[in-house]
There are 2 protein chains.
Amino acid sequence: MKPSPHMDRALAEAERAQARGEVPIGAVLVDSVNGSVVAADGNRVVEQHDPTAHAEMLVLRAASAALGSERLGTLDLYVTLEPCAMCAAALALARVRRVVYGAPDPKGGGVEHGARIFAQPTTHHRPEVVAGVGEARAAELLRTFFQSRR
Amino acid sequence: MKPSPHMDRALAEAERAQARGEVPIGAVLVDSVNGSVVAADGNRVVEQHDPTAHAEMLVLRAASAALGSERLGTLDLYVTLEPCAMCAAALALARVRRVVYGAPDPKGGGVEHGARIFAQPTTHHRPEVVAGVGEARAAELLRTFFQSRR
């Protein structure tokens, strides 16, 4: 797998989330035209007492605010774990161009598992999906995290 | 159909959303123990330039903040339209007790249409679902809104 600086940044956000006591998941939204990072964050569910404060939702909201638009068709998402159904549906609503993720999530994922949001005939948009980028590191982060909580 | 003061409140929030230039959808989260309204709001996608600012998401976030918890297992949601997949998945993450909605949404709904979030084996939680409460008024609001935009 070729190196991905944007996935490295997402993994760094996942580590920062873990240091805050969150599930270690990080996400970055990147301008596909010039490669600049528009928003980067990790989970903040615990900190914000907010069930919707997944990394993907936080960067979607930050990027929409920064760009003054609820449509983000030129942006690519890098996220360490397969997005859940909530986040996948939000990415479709925002028309995000491409979704690049690290580890698959058979239990909670909503892209290649469960609700398979982008495969629904009713989806508003089908981002290009690239799976498995930085998968080993993302999976190791999550494995270590859940082992430490047992 | 028996009257529902909470759905009346959700419909009033939908009308306020329309007055702000939003799609007329309103939502209320109610404490199922004492019947008090914990949060009420309408869509703010346009106002906040936020693709995730659906009425349901806004009341989930407001209620979580007010109660200091990301789990809302004692709350019931009243919403004028069938929730989309994003909102349905968020309601499952928050463990909302009951989802009462007005009009079905064959194009964008994620409860009885499309991703059918609560029917997925991987859903975190299955709220009780009650459909068709205040349906005629909710559907009329949306019909009038979309006709006026053509």
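None of the values given here were measured: they were computed from a predicted structure.

Asker: Teacher, can you tell me more about the nonpolar core here?
Answerer: Grouped together as the largest cluster of nonpolar side chains are 90 residues, with contacts concentrated most on A:Met86, A:Ile117, B:Met86 and B:Ile117. Leaving out residues up to four positions away in the same chain, A:Ile117 has contacts with A:Ala85, A:Ala88, A:Ala89, A:Gly110, A:Thr123, B:Ala85, B:Ala115 and B:Ile117.

Asker: I'm lost on the interface of chain B and chain A in this one. Help?
Answerer: Quite often, the size of an interface is put as the accessible area lost when its parts meet. In this assembly, 27 residues from chain B lie in contact with 27 residues from chain A. In total, about 2200 Å² of surface goes out of reach between chain B and chain A, with carbon and sulfur atoms giving 68% of it. Where chain B meets chain A, there are two salt bridges. Measuring nitrogen to oxygen at the nearest pair gives 3.7 Å for the salt bridge that ties A:Asp50 to B:Arg61. Seen at the junction of chain B and chain A, the total is two residue pairs in polar contact (both at pLDDT 80 or more). Of all the elements in the fold, those that place two or more residues in the side of chain B that touches chain A are helix H2 (55-67) and helix H3 (85-93) of chain B. When the residues that make up the side of chain B that touches chain A are grouped by side-chain class, the tally is 14 nonpolar, nine polar and four charged.

Asker: What is the right way to look at the relation of the copies chain B and chain A in this model?
Answerer: Copy one and copy two of the chain differ by a rotation about a common axis and a shift along it. With an RMSD of 0.0 Å, chain B superimposes on chain A once it is rotated by 180° and translated 0.0 Å along the axis. Put plainly, the chains are arranged around a two-fold axis. For chain B, the residue whose C-alpha comes nearest the rotation axis is B:Met86, separated from it by 2.0 Å. When the interface residues of chain B are mapped onto chain A, 100% of them again lie at the interface, so the same face is used by both copies.

Asker: Help me understand the sheet that holds strand S3 (residues 75-81) of chain B, please; the structure alone is not making it clear to me.
Answerer: Sheet strands line up and pair through hydrogen bonds in the backbone, either parallel or antiparallel. All names here are of chain B. A sheet is described by the order of its strands in space; here five strands give the open sequence S2-S1-S3-S4-S5, paired in mixed fashion. The outermost strands of the open sheet, each flanked by one partner alone, are strand S2 (37-42) and strand S5 (128-131). Shown here is a sheet whose adjacent strand axes are inclined to one another by a mean of 15°, direction ignored. Of the strand pairs in this sheet, strand S4 (residues 98-103) and S5 are connected by four bridges, and their pairing is parallel. Paired with Val 100 across the two strands is Val 130, which belongs to S5. Across the sheet, helix H4 (residues 135-148) lies against S3 and S4, angled at about 55° from S4, the strand it touches most.

Asker: Looking at this structure, I do not really get empty space enclosed by the protein. What am I missing?
Answerer: In this approach a probe as big as a water molecule rolls over the atoms, and the regions it shows empty are the leftover space. Going through the model one piece at a time under the given rule, you end up with one cavity of 30 Å³ or more. Approximately 150 Å³ is the volume found for the largest cavity. Forming the boundary of the largest cavity are 15 residues, of which A:Ala85, A:Gly108, B:Thr122, B:Thr123 and B:His124 lie nearest the centre. The dominant element in the lining of the largest cavity, judged by the number of residues it contributes, is H3(B), at three residues. Within the lining of the largest cavity, the residues separate by chemical class into eight nonpolar, six polar and one charged.

Asker: Could you clarify how one ought to interpret the packing of aromatic side chains in this entry?
Answerer: Remark: the centre distance and the inter-plane angle together describe each pair of aromatic rings, the angle taken between the planes. Residues and elements named next belong to chain A. This model, assessed by the stated rule, comprises two aromatic pairs over all chains. Ring geometry for Phe 145 against Phe 146: centres 5.1 Å apart, planes inclined by 80°, an arrangement best described as edge-to-face. Owing to a relative accessible area of 4%, Phe 145 belongs among the buried residues under this scheme. Looking at Phe 146, the relative accessible area reads 39%, which means it is partly exposed.

Asker: Which parts of the structure should I look at to understand the confidence of the model for chain A?
Answerer: Close inspection of predicted coordinates is inappropriate in any region flagged by low pLDDT. Considering every residue of chain A, the mean pLDDT works out to 95; 98% of them sit at 70 or more. For this predicted complex, the interface confidence comes out at an ipTM of 0.95, alongside a pTM of 0.96.

Rules used in this analysis
Residues numbered from 1 in each chain as written. Chains lettered and ligands numbered in written order. Predicted model: local features only at pLDDT ≥ 70, side-chain atom pairs only at ≥ 80, totals over all residues. Heavy atoms only, no water. Core = buried A, V, L, I, M, F, W, Y, C linked by side-chain atoms within 4.5 Å. Buried < 20%, exposed > 50% of the residue type's maximum accessible area, 1.4 Å probe, protein only. Contact = heavy atoms within 4.5 Å. Buried area = accessible area lost by both parts, 1.4 Å probe. Salt bridge = Lys/Arg side-chain N within 4 Å of Asp/Glu carboxyl O. Polar contact = N/O pair within 3.5 Å; in protein donor to acceptor, adjacent residues only side chain to side chain. Helix = DSSP H or I, 4+ residues; strand = E, 2+ residues; numbered from the N terminus. Nonpolar A, V, L, I, M, F, W, Y, C, P; charged D, E, K, R; others polar. Least-squares fit on C-alpha atoms with pLDDT ≥ 70 in both. Pairing = 2+ DSSP bridges. Axes fitted to C-alpha atoms, helices over the stretch in contact; angles between N-to-C directions. 1 Å grid on protein atoms, 1.4 Å probe; cavity = no way out; pocket = protein on both sides within 12 Å on 5 of 7 lines; lining within 4 Å. Points joined across faces, edges and corners; volume = space filled by probe spheres on them. Phe/Tyr/Trp six-rings, centres within 6.5 Å; stacked < 30°, edge-to-face > 60°. pLDDT = per-residue confidence, 0-100.

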